[in-house]
Amino acid sequence: MNTAARAAVRLGLDHGFTMLGVYGGFPGLLDGNVRELSWDDVEGWVGDGGAELGTRRDIPSIEQLYSLGRAIESNRIDALLIIGGFNAYLAAHELVTERDRYPAFKIPMICVPASIDNNLPGSELSIGADTALNSAVGALDAIKQSAAASRRCFVAEAMGRRCGYLTLMSGIATGAERVYLNEEGLTLKKLAQDSARMVESFRSGRKLYLVIRNERASENYTLDVLAKIFSEESEGLYDVRQAQIGHLQQGGDPTAFDRIMATKLVAHALDLLSDQLDAGTYHSSYVGLVEGRITHHRLERMDEELDLRARRPLNQWWMGLRDAIGLVNKNLGVIPPQEVPDFGQTVAQAASAREPD
Ligand code: F6P
């Protein structure tokens, strides 16, 4: 977050803008926590994993929109650059759709994707996802090394809410035998098959078996339940241990990839804002990285790209790598492709559900 904020301040100053930092997201704006930021204020932020401006998951309620409009006017804000996750996108969309009622929202707004979950529309990657993935892989590698001398199954849990990106990618990077994703769901039948394969594989000499579950893979087959099922089936053949990778996925200094991507995305966002301000228009978009290019999409049409109930894009490019887990563990078989459920939910419904980001 800091890398992106630093880029925004410095590139914005370069455009000739006055850059205001809003501390604490939309609640911060409502409370007047707004301060002009200078070049020197963001010194040292480039490699700092923190969020000096603060992160808040709140989406403004309908009752707060009037005050929000007043806050935009009183701070003489001409444009909004919003660096954030799913709720920030929902909030920006809400402001855009309420423009007729609140003219203060008739300013250009550009969203920049920043979430370790990598669940945002219009970008194959969001800022922070690469750093989180590297942290998860480091933790899983260490867990695997700890098991050198025993026959052991590790059941680990990665973050990401209902988006399986961190789980699948960390599974590929650490050679996991199985991954469980919310996108695919988890059934008793599947667990029975996997337990049987696991037992068979330890019988044929395997020493280590790594299973990674996405934190929302299933409401009932929790980390603990999975570990208990696999343990029950082992009949003393192997030990089972569970590990929640946890908040180390949210921390850590940003990787070089994240820092560079943040700078490129913010640069594109500022160019868009500058064009809008020059033209006196107020189109709003979200920027992203697609097939190696920085691009943008109209915020008004965000719902067309999203599964709003599951809070992730309808099309997730990385699901195409799903078979890699099975292919490099050939004795365990190839895992069937995903079925994408059809969810009908509007952006407004998703925003009013007010799930934490
Ligand atoms: O959305 C980012 C995320 O890290 C999720 O992957 C995770 O479920 C959640 O935030 C954790 O939230 P908190 O830090 O409030 O426990």
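One can find the structure itself at the top, above this paragraph.
Fair warning: this is a prediction, and the values are worked out from it, not measured in the lab. (Residues numbered from 1 in each chain as written. Predicted model: local features only at pLDDT ≥ 70, side-chain atom pairs only at ≥ 80, totals over all residues. Heavy atoms only, no water.)

**Focus on the overall build of the protein**
Across its full length, the protein holds eleven helices and twelve strands. On C-alpha atoms alone, the protein measures out to a radius of gyration of 22 Å, which is about the 21 Å that the 2.2 N^0.38 rule sets for 357 residues. When the backbone C-alpha atoms are referred to their principal axes, the protein occupies close to 70 × 45 × 35 Å. For the protein, with 357 residues in total, the buried portion stands at 53%. The contacts in the protein between residues at least 6 apart in sequence include a share of 76% that link residues at least 24 apart. For the protein, the accessible surface area stands at approximately 16200 Å², while carbon and sulfur atoms represent 48% of it. Considering the protein, the positive charge centre built from 37 side chains and the negative charge centre built from 48 side chains are found 5 Å apart. (Helix = DSSP H or I, 4+ residues; strand = E, 2+ residues; numbered from the N terminus. Rg over C-alpha atoms; globule rule 2.2 N^0.38 Å. Buried < 20%, exposed > 50% of the residue type's maximum accessible area, 1.4 Å probe, protein only. Contact = heavy atoms within 4.5 Å. Areas by Shrake-Rupley, 256 points an atom, 1.4 Å probe, with all protein chains shown as cover. Lys, Arg positive; Asp, Glu negative; His and termini not counted. Charge placed at Lys NZ, Arg CZ, Asp CG, Glu CD.)

**With respect to the site of the ligand**
Around the ligand, the structure places ten residues, and the nearest of them are Arg57, Asp117, Gly160, Glu215 and Gln250. Within the side chain of Asp117, a nitrogen or oxygen atom sits 2.6 Å from an oxygen atom of the ligand. Between the ligand and the protein, one listed contact pairs an oxygen atom with a backbone N or O atom of Gly160 at 2.9 Å. Within the complex, the protein chains bury 74% of what would otherwise be the 400 Å² of accessible surface of the ligand. The residue inventory of the shell around the ligand, partitioned by class, reads two nonpolar, three polar and five charged. There are two domains that each give the shell around the ligand at least three residues, and those are domain 1 (2-128 + 254-311) and domain 2 (131-251). (Near = heavy atom within 4 Å. Polar contact = N/O pair within 3.5 Å; in protein donor to acceptor, adjacent residues only side chain to side chain. Nonpolar A, V, L, I, M, F, W, Y, C, P; charged D, E, K, R; others polar. Domains from an automatic or database assignment.)

**Observations regarding the packing of helix α5 (residues 129-146) against helix α6 (residues 165-174)**
One way to put it is that α5 packs onto α6 with a least axis distance of 9 Å and a crossing angle of 50°. Put simply, α5 runs oblique to α6. Here α5 runs over α6; the crossing is right-handed. Residues Ala129, Ala132, Leu133, Ala136, Val137, Leu140, Asp141 and Lys144 of α5 form the contact with α6, whose own contacting residues are Tyr165, Leu166, Met169, Ser170, Ala173 and Thr174. Considering only residue class, the contact of α5 with α6 consists of ten nonpolar, two polar and two charged. (Axes fitted to C-alpha atoms, helices over the stretch in contact; angles between N-to-C directions. Parallel < 35°, antiparallel > 145°, perpendicular 65-115°, else oblique. Left-handed = near helix turned anticlockwise from the far one by under 90°.)

**What about the sheet that holds strand β4 (residues 109-113)?**
Strand order in this open sheet of four strands is β3-β4-β9-β10, and the pairing throughout is mixed. The two strands at the open ends of the sheet, each matched to only one other strand, are β3 (80-84) and β10 (293-298). When strand polarity is set aside, the average angle formed by the axes of neighbouring strands in this sheet is 30°. In terms of strand pairing, β4 meets strand β9 (residues 285-290) through two bridges, oriented parallel. Following the sheet pairing, Cys111 is matched in β9 by Tyr286. (Pairing = 2+ DSSP bridges.)

Fair warning: the whole summary comes from geometry, so function is off the table for now.
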